[in-house]
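Take a look at the letters that make up each chain.
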Amino acid sequence: MARDKRKKINVALQGGGSHGAYAWGVLDRLLADERIEIEAVSGTSAGAMNAVVMAEGLVEGGRAKARQQLKDFWERVAYRVPASPTAAWDNGWSKTWEKAWGLDQNPAIAMFTWWTQVASPYQFNPLNINPLRDLLLREVNFELVKSCSSHVQLFISATNVRTGQIKVFTGDEVTADAVLASACLPTVFHAVEIGTEAYWDGGYMGNPAIEPFFKNCVSQDVLLVQINPIRREEVPRTAHGILDRLNEISFNAPLLRELRHVEFINERLRHGGLKDTEYREIFLHRVGGGDDISAYPASSKLDGDLALIASLRDLGFKAMDEWLAKPANYASLGNASTMPLEAMIKG
């Protein structure tokens, strides 16, 4: 299909550790559909990694290469950088426990959580050893990423430690350090220093950022790939479950703020406001955030097991495939939203 006849969309990728493999599946399915062109990606944490890996592949060899790059990257995440922080003292018993009792009951996870509450990463990791940095530098050619603007625009979110404000890296700013900043959990890693500023995980202020799509993109469509469920029916009763739910709520708060902002802008535009501005109506769509992803406990975001990553990838691929299979969804691109925005932002 001719490129100018494809429907352009923007993609917003939430962060979520190993659950980012769900977004890999979504991107894999989108890249397989010649009817659609991804104009821009906004990503946070694992979403930022997916974004830069895909962008490198698009520059190097188009859609097929981008799909292969994503596959290779996530397989190497599983093989070379076990996402579970318990790997440091796991000699096999931890996996055995996990299979029998589940990750939430894994004593190594509990021990690590306790340790991060009594010691900072500057104390227990004074050399700032970060396997993710090594993986990114080994697997991603950031010179290609910097030249990706003719293929896809990137917007990578991090949180400025000193100001508490969001920082969106784009263009030549998208470096390995920018991606590491976007994924920097402050209880696990040193703050990432870029220039004179220090950054933590982008999930605190932009998970993911949607505002850049207003100012920089032609497409009015934004596909949100939601990793963190907004709603859970069960009230957590365990200390671990309570902390997990608090983290989900915290990392969804900036998304809900962005969605309210989009709805405010859309309403003003529908009523004749904001004329002669850079704003135009944004059409929102979503995959994820429902029963499919919420079936996985939040603690499994720390699990780098290849089988888990593969199952999440397949789940994301299936969700995107089912969305595209509905003629009304494809027809909506460029015309209307399909996301139940009011239900999301009003609970």
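Relevant structure appears above.
In this report, the structure presented in the accompanying data block is examined.

Parameters and conventions
- Residues numbered from 1 in each chain as written.
- Predicted model: local features only at pLDDT ≥ 70, side-chain atom pairs only at ≥ 80, totals over all residues.
- Heavy atoms only, no water.
- Helix = DSSP H or I, 4+ residues; strand = E, 2+ residues; numbered from the N terminus.
- Buried < 20%, exposed > 50% of the residue type's maximum accessible area, 1.4 Å probe, protein only.
- Contact = heavy atoms within 4.5 Å.
- Areas by Shrake-Rupley, 256 points an atom, 1.4 Å probe, with all protein chains shown as cover.
- Lys, Arg positive; Asp, Glu negative; His and termini not counted.
- Salt bridge = Lys/Arg side-chain N within 4 Å of Asp/Glu carboxyl O.
- Polar contact = N/O pair within 3.5 Å; in protein donor to acceptor, adjacent residues only side chain to side chain.
- Core = buried A, V, L, I, M, F, W, Y, C linked by side-chain atoms within 4.5 Å.
- Patch = residues over 30% accessible without salt bridge, like charges linked within 9 Å, V, L, I, M, F, W, Y side chains within 5 Å.
- Pairing = 2+ DSSP bridges.
- Arc of directions from axis to C-beta.
- 1 Å grid on protein atoms, 1.4 Å probe; cavity = no way out; pocket = protein on both sides within 12 Å on 5 of 7 lines; lining within 4 Å.
- Points joined across faces, edges and corners; volume = space filled by probe spheres on them.
- Nonpolar A, V, L, I, M, F, W, Y, C, P; charged D, E, K, R; others polar.

When helices and strands are tallied, the protein chain shows 14 helices and 8 strands. A burial count over the protein chain gives 52% of its 347 residues as buried. Partitioning the intrachain contacts of the protein chain with sequence separation of at least 6 by distance along the chain shows that 77% fall at a separation of at least 24. A total of about 15800 Å² of accessible surface is found on the protein chain, and carbon and sulfur atoms cover 56% of it.

Relative to the elements of secondary structure, K301 occurs in the loop between α11 (291–294) and α12 (306–325). Summary of buried charges: K301 has no salt-bridge partner, and the nearest side chain of opposite charge, E248, is 4.9 Å away. One polar contact links K301 to N228, side chain to side chain, over a distance of 2.4 Å.

This next bit is on the nonpolar core. Residues M54 and L154 are the most contacted members of the largest nonpolar core, which totals 67 residues. Residue contributions to this core peak at 14 residues, all from helix α2 (residues 46–80). The contact partners of M54, leaving out residues within four places of it in the chain, are L27, L31, I38, V41, A66, L70 and V152. Ranked by size, the runner-up nonpolar core spans 18 residues in total, among them V262, L284, M339 and M344.

Here we come to a nonpolar patch on the surface. Taken together, the side chains of L185, W200 and Y204 define a hydrophobic patch exposed on the protein surface, amounting to about 240 Å² of accessible area. Positionally, Y204 belongs in the loop between β6 (197–201) and α9 (211–216).

To continue, consider unusual backbone geometry. Following N207, the chain continues into P208 via a peptide bond in cis, with omega recorded as -5 degrees. Position of P208 among the secondary structure elements: in the loop between β6 and α9. Unlike most non-glycine residues, N128 shows phi in positive territory, near 55 degrees. By relative accessible area, which is 21% here, N128 ends up partly exposed.

What follows deals with the pairing of strand β7 (residues 221–226). In terms of burial, β7 is a largely internal element, 6 of the 6 residues being buried. Here β7 shows no split at all, with D221, L223 and V225 on one side and V222, L224 and Q226 on the other all buried. Across 4 bridges, strand β1 (residues 7–13) lies against β7 in parallel orientation. For V11, the partnering residue across the bridge sits in β7 and is L223.

A turn of α-helix holds 3.6 residues, and therefore any two residues three or four places apart point the same way. Among the residues making up helix α6 (residues 131–139), those that are buried are L132, L135, L136 and E139. Buried residues of α6, viewed axially, fall in a sector of 95 degrees; they line one side. Taking the backbone nitrogen of L132 as reference, a side-chain oxygen 3.0 Å away marks N130 as the first, capping residue of α6.

In this section: the pattern of salt bridges. Using the criterion set out here, one finds 20 salt bridges in the structure. Its salt-bridge partner being D314, residue R313 comes within 2.9 Å of it at the nearest N-O pair. The exposure class assigned to D314 is partly exposed, which follows from its relative accessible area of 43%. A single network of salt bridges, built from pairs that share partners, joins D28, R67, R313 and D314.

With that out of the way, let us pick up empty space enclosed by the protein. Scanning the entire structure with this criterion turns up 1 cavity of 30 Å³ or more. Of the volumes computed, that of the largest cavity is approximately 40 Å³. Lining the largest cavity we find I9, L30, I36, D221, V222, L223, H285, M320, W323, L324 and L333. Those elements giving two or more residues to the lining of the largest cavity turn out to be β7 and α12. Among the residues making up the lining of the largest cavity, the classes are represented as 9 nonpolar, 1 polar and 1 charged.

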